[in-house]
Amino acid sequence: KNAYIADFTSNQTEQSAFPFSIWTKTMRAVMNDYQTELMLNPPCGGVMELRQSIADYLKAFRNMTVRPEQIIIGAGTEYLSSLLIQLLGKELKYSVENPGYHKIAKIYRSMGACYEYIEIEEDGPKVEELEEKEINVIHCSPSHHYPTGIVMPISKRYELLGWVTKTKDRYIIEDEYDSELRLNGKPIPSLQSIDVSGKVIYMNTFSKTLCSTVRISYMVLPDELAERFYRELSFYSCTVSNFEQYTLAQFMNSGAFEKHINRLRNYYQQKRDRILEAFLQGVLKTKIKILEEDAGVHFLMKVDTNLSEEEFLDKMKSKGIKLAALSSYYHSREKKKKYENIYVMNYSFVDCEKMEYVAKMITQVE
């Protein structure tokens, strides 16, 4: 059970957001119809039926033309990242976004790979810095950067695609961890869909759209890397059970996944609007500024307070409200100061009924 009245640091999914009844029905159907298949070991890249469903989905919704053989299924993005490092090689230099998702640097470190931090500007990473630091592989989230919420403009995407073609051993890892949950505006084309040189490795996960405990992620390898993967790493077994793979494939093929995404988008949009409504009225309205609220299930909140960030976080914690500071995602000290008292508000796991209380507590803290 959640120990906090409101935990804005959790990325878990609420029970009401998961399609339990249709998922259960799909599981039953798989038990009946796939008894032979459930007993066979899947290929190293995953069950072909699911890879085909994902390829169809990417074509329909992201305008990406990929063959199912290019898709590798794995239990979570962390696992797939470790495979990628083995595939591309530890001698290459990888980049980690600053600010960014802490786990990525930890994965590179644990795998013994060389990496450098790259500053994220208003529109994404600076190509000059990639050149300067002699980066080979850049990891980025163009459709929705975490934690800043930046959506990379198309001009920057083409600039990165220009950078990646300059030498043979450069690649872009495009991580679209929550691109389906863009709440406003048209989705911007993925880097993979506008890449003509076969240099973009596309990654996505079902843990945001289904739930954080469904550990199914996938990567789309360019043809040349896919061939290398089968040649060098096909001894690895697929880490997702057949049962889950067939269930997800059926769920996608029946159109249930698309319906679920639409429902989820609606659900989160209403949730976000209710939270902002509670926050943007009365005295609190003059004390906070909301930023980057249109994509994914988090936004930024800048608080006007005389307290230091640490004091503010402690006071909130004592009231049962858990927050994460934007500065904690920065690697460098001087940036931390610049972004004091801006908070990353993950709202997927908070209860809207408690938002009046949260607003009242933030107002009272001085």
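What comes next is a walk through the structure.

## Notes on the packing of helix α1 (residues 20–33) against helix α10 (residues 242–253)
Between two packed helices, the angle of one axis relative to the other and the distance separating the axes together describe the packing. Between α1 and α10, the least distance of the axes is 9 Å, while the angle of their chain directions is 115°. Considering how the two elements wind past one another, α1 and α10 form a crossing that is right-handed. Counted together, I22, W23, T26, M27, V30 and M31 of α1 and F243, Y246, T247, L248, Q250 and F251 of α10 form the full contact between these two elements. Counted by class, the contact of α1 with α10 contains nine nonpolar, three polar and no charged residues.

## A few points about the nonpolar core
In globular proteins that are soluble, nonpolar side chains generally tend to be buried together. With 34 residues, the main nonpolar core has F8, F279, M301, F312 and M355 as its most contacted residues. Elements represented by at least two residues in this core include exactly α11 (256–279), β10 (288–291), β11 (298–303), α13 (309–318), β14 (342–346) and α15 (355–364). For this core, the leading source of residues is α11, giving six residues. For F8, the residues in contact, after removing those within four places along its chain, are F279, I321, K322, L323, V344, M345, N346, V350, M355 and V358.

## What about the pattern of salt bridges?
Where charged atoms from two side chains of opposite charge approach closely, those side chains can pair. What the rule picks out here adds up to 15 salt bridges. One salt bridge in this structure joins R62 and E176, with 2.7 Å as the shortest N-O distance. In this pair, R62 is assigned in helix α3 (residues 48–62) and E176 in the loop between β7 (171–175) and α8 (191–194), connecting sequence segments 114 residues apart. A relative accessible area of 11% places R62 in the buried class. Residue class for E176 comes out buried when judged on its relative accessible area of 0%. Look at the salt bridges and you will find they share partners, linking R67, E69 and D223 into a network.

## Considerations on α1
Helix length check: α1 (14 residues) gives 20 Å between terminal C-alpha atoms against 20 Å at 1.5 Å per residue, within 8%. For α1, every residue scored as buried is listed here: W23, T26 and V30. Buried residues of α1 fall within an arc of 60° about the axis and therefore sit on the same side. The outward face of α1, more than 90 degrees from its buried face, is lined by the exposed residues S21, K25, R28 and N32. Where α1 is buried, its residues contact α2 (35–38) and α10.

Cut-off values and rules
Residues numbered from 1 in each chain as written. Predicted model: local features only at pLDDT ≥ 70, side-chain atom pairs only at ≥ 80, totals over all residues. Heavy atoms only, no water. Axes fitted to C-alpha atoms, helices over the stretch in contact; angles between N-to-C directions. Helix = DSSP H or I, 4+ residues; strand = E, 2+ residues; numbered from the N terminus. Left-handed = near helix turned anticlockwise from the far one by under 90°. Contact = heavy atoms within 4.5 Å. Nonpolar A, V, L, I, M, F, W, Y, C, P; charged D, E, K, R; others polar. Core = buried A, V, L, I, M, F, W, Y, C linked by side-chain atoms within 4.5 Å. Buried < 20%, exposed > 50% of the residue type's maximum accessible area, 1.4 Å probe, protein only. Salt bridge = Lys/Arg side-chain N within 4 Å of Asp/Glu carboxyl O. Expected span 1.5 Å × (residues − 1). Arc of directions from axis to C-beta.

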